[in-house]
Amino acid sequence: MLPQRERREVRSRAGWMVMGKGAGLSALEVGKILTIFLYLFPAVSLQCKILKCNSEFWASTSTSGPEELFCTALRAYNTCVRRTARTCRGDLAYHSAQHGIEDLMSQHNCSREGPTSQPHPRPRTPPPPRPDSQERSDGPEVCHYERAFARHSAPPNYTHCGFFGDPHLRTFSDDFQTCKVEGAWPLIHNKYLSVQVTNTPVLPGSSATATSKLTIIFKNSPECVDQKMYHAETDELPAAFADGSRNGGERHGGNALRVVEKVPGQHVEIQARYIGTTIVVRQVGRYLTFAVRMPEEVATAAEDGDDQDLYLCLHGCPLNQRISFRDPRGQGAGTPPHGFTYQSAMAKCRERLPVEDLYFQSCVFDLLSSGDVNFTLAAYYAFEDAKMLHSNKDRYHIFARSTNAGSSAQRGSSVPTLALLLLLALLPWVPCSGIHL
């Protein structure tokens, strides 16, 4: 039982675990539960590659086959886990994997001696559809968000949220913020899905952070899809959900949710047509970026009793977590520029971002605070994703709105107005002055 404080901190993850039906669990169900535990458990470090062993094993056993092949894959899994002993020793997830292997070997009567060939990777392209596949129609009409609207209804209002770089946040309401938010933070949480990011320091001793882990939970939709989890972290950008599947399951509308790999290891797109949502996940350098296009009514569909006040995409970062663009070195107090001056950072960012909007400014900010040129690409792809996902082309660019700048502009604009009024006031006196001359 968690203490009250800890229960409050993890409430956004409530309901993510799902048990199978019936009193007994099959080996595959035990393995899937173990998979979810391993992906969610935060103690797994970037050096411990237990997740890689786990994903390779379940990728090779995602389809049914002879018991001998399962045992071969299980022995290969065991070998992979043993190789991680040095970096994972003392890690609870590592020891849980060991116990899981023991249970599966016992259930399937697998011998420890025998072939340990590497698991066969899944093909990059999905298999051809079965004759009764719903790939074309994506299942019943209720599983296609736009088709579910009545013909006379107004089209849905789509919103966009992006999270990238050091990190920078573009909210559903087009606010642009730079934040600290170290550790795990919820981006989105509503009736349909939850998104959580984990941010780690970019440099030792600096409060500058970037996203190293991302977890997305698509909640159970009785008419369309099973509950699915997608988990990514540095150097692990899978082309499938955590259970090895690429779609929403065996239900009639299962194809209304699917993972599409655009660039292996670098760019994944998740299409959730049953809620009108598209998610783009990228790895740029050592860190992840996130972008989403979502109907406004989906984004604000709160669960009962949830005020949604902590979710970054909806309300932005808390005030005490925000960083000012005016102090690009403020993230690492006293830290000098890492190979970039302000002018050289601007020149580098202008190569990819010719318009000096807030994406450009975030690029300059990140180069000065970290010196990592990959942040230039992170800002560039974040803007490209915004162009693809934002519904209003006139709002692709966002420019700084400063109170000081606004007041200066207001004062500047008042000068010619005042001069004009003064001139009009003096005009009646011009003839009189001419007569006296």
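Residues numbered from 1 in each chain as written. Predicted model: local features only at pLDDT ≥ 70, side-chain atom pairs only at ≥ 80, totals over all residues. Heavy atoms only, no water.

Caption draft 1: Fine view of the overall build of the protein chain. A tally of helices and strands in the protein chain yields 14 helices and 12 strands. Counting every position in the protein chain, which comprises 437 residues, the buried fraction comes to 45%. Sequence-distant contacts in the protein chain: of pairs separated by 6 or more residues, those separated by 24 or more amount to 60%. A total accessible area of about 23100 Å² is found for the protein chain, and carbon and sulfur atoms account for 55% of it. (Helix = DSSP H or I, 4+ residues; strand = E, 2+ residues; numbered from the N terminus. Buried < 20%, exposed > 50% of the residue type's maximum accessible area, 1.4 Å probe, protein only. Contact = heavy atoms within 4.5 Å. Areas by Shrake-Rupley, 256 points an atom, 1.4 Å probe, with all protein chains shown as cover.)

Caption draft 2: The environment of L367, seen in detail. Mapped onto the elements, L367 comes out in helix α11 (residues 358-370). Residue L367 is classed as buried on the basis of its relative accessible area, which comes to 0%. When the C-alpha atoms of L367 and G339 are compared, they prove to be 8.6 Å apart, with 28 residues separating the residues in sequence. Sequence-distant contacts of L367, that is, excluding residues within four places in its chain, are made with F340, A345, K348, C349, D372, V373 and T376.

Caption draft 3: Examining the environment of W58 more closely. Tracing the backbone through its elements, the reader meets W58 in helix α3 (residues 50-60). What makes W58 buried here is its relative accessible area of 6%. Sequence separation between W58 and A73 is 15 residues; the distance between their C-alpha atoms is 8.9 Å.

Caption draft 4: Region of interest: the environment of H252. Tracing the backbone through its elements, the reader meets H252 in the loop between β7 (228-233) and β8 (257-263). Spatially, the C-alpha atoms of H252 and C143 are 9.0 Å apart, while their sequence positions differ by 109 residues.

Caption draft 5: Broad picture of the packing of aromatic side chains. Scanning the model with the defined rule gives 7 aromatic pairs in all. An angle of 65° between the planes, with centres 6.2 Å apart, marks the rings of F164 and F176 as edge-to-face. Of this pair, F164 sits in strand β1 (residues 158-164) while F176 sits in strand β3 (residues 176-179), placing them 12 residues apart in sequence. Here the two residues F164 and F176 agree in accessibility, since each one is buried. (Phe/Tyr/Trp six-rings, centres within 6.5 Å; stacked < 30°, edge-to-face > 60°.)

Caption draft 6: Spatial organisation of unusual backbone geometry. Cis rather than trans, the peptide bond between D166 and P167 has omega equal to -10°. Positionally, P167 belongs in the loop between β1 and β2 (168-170). Look at D235: it is not a glycine, yet its phi comes out positive at around 70°. Note that D235 resides in the loop between β7 and β8.

Caption draft 7: How the structure looks around the sheet that holds strand β9 (residues 267-272). Reading across from one edge, β8-β9-β10-β11-β1-β2-β3-β12 is the order of the 8 strands in this open sheet, with antiparallel pairing throughout. Strand pairing shows two members of the sheet lacking a second neighbour, β8 and β12 (322-323), which therefore form its edges. Packed onto the sheet, helix α12 (residues 374-389) meets β1, β2, β9, β10 (277-284) and β11 (287-295) and runs at close to 165° relative to β10. (Pairing = 2+ DSSP bridges. Axes fitted to C-alpha atoms, helices over the stretch in contact; angles between N-to-C directions.)

Caption draft 8: Representation of the sheet that holds strand β4 (residues 183-189) within the structure. The 4 strands are arranged β4-β5-β6-β7 in an open sheet whose pairing can be described as antiparallel. Unpaired on one side and paired on the other, β4 and β7 mark the two borders of the sheet. Direction aside, the axes of adjacent strands within the sheet are offset by 20° on average. Pairing geometry for strand β6 (residues 209-218) and β7, over 6 bridges, is antiparallel.

Caption draft 9: Spotlight on helix α4 (residues 67-83). With 17 residues, α4 should reach 24 Å at 1.5 Å per residue; the first-to-last C-alpha distance of 25 Å fits that figure. Restricting attention to buried positions, one finds in α4 the residues F70, C71, T72, A73, L74, R75, A76, Y77, N78, C80 and V81. (Expected span 1.5 Å × (residues − 1).)

Caption draft 10: Just the state of the cysteines, in detail. Applying the stated criterion to the full structure yields 6 disulfides. The disulfide that involves C53 links it to C80, with 2.0 Å between the sulfurs. Its S-S torsion of approximately -75° makes the covalent link between C53 and C80 left-handed. Here the residue C53 occupies a position in helix α3, and C80 occupies one in helix α4, the gap between them amounting to 27 residues. Just as C53 is buried, C80 falls in that class too. At a sulfur-sulfur separation of 2.0 Å, the disulfide partner of C179 is C317. Between C179 and C317 the sulfur-sulfur dihedral comes to about 95°; the bridge is accordingly right-handed. Placement of C179 in strand β3 and of C317 in the loop between α9 (312-315) and β12 is noted, with a sequence separation of 138 residues between them. Looking at C179, the relative accessible area reads 0%, which means it is buried. (Disulfide = S-S within 2.5 Å.)

Caption draft 11: Representation of helix α10 (residues 342-350). Buried residues of α10: A345, M346 and C349, and no others. Viewed along the axis of α10, the buried residues span an arc of 100°, placing them on a single side of the element. On its buried face, α10 sits against α11 and α12. (Arc of directions from axis to C-beta.)

Caption draft 12: Here's a closer look at the side chain of S221. For S221, the position within the fold is in the loop between β6 and β7. For S221, a relative accessible area of 11% puts it in the buried group. With residues up to four places along the chain from it excluded, the contact list for S221 reads R251 and Y274.

Caption draft 13: Spotlight on the confidence of the model for the protein chain. For the protein chain, per-residue confidence averages 76 on the pLDDT scale, and 67% of positions sit at 70 or higher. Mean pLDDT across the elements of the protein chain bottoms out in helix α13 (residues 403-426) (38) and peaks in β10 (98). Note on residues 42-46: pLDDT under 50 across the span, and 12 contacts to partners over four residues away in sequence or across chains. Contacts of residues 329-337 to residues separated by more than four positions or lying in other chains number 14 contacts, the stretch itself having pLDDT below 50. (pLDDT = per-residue confidence, 0-100.)

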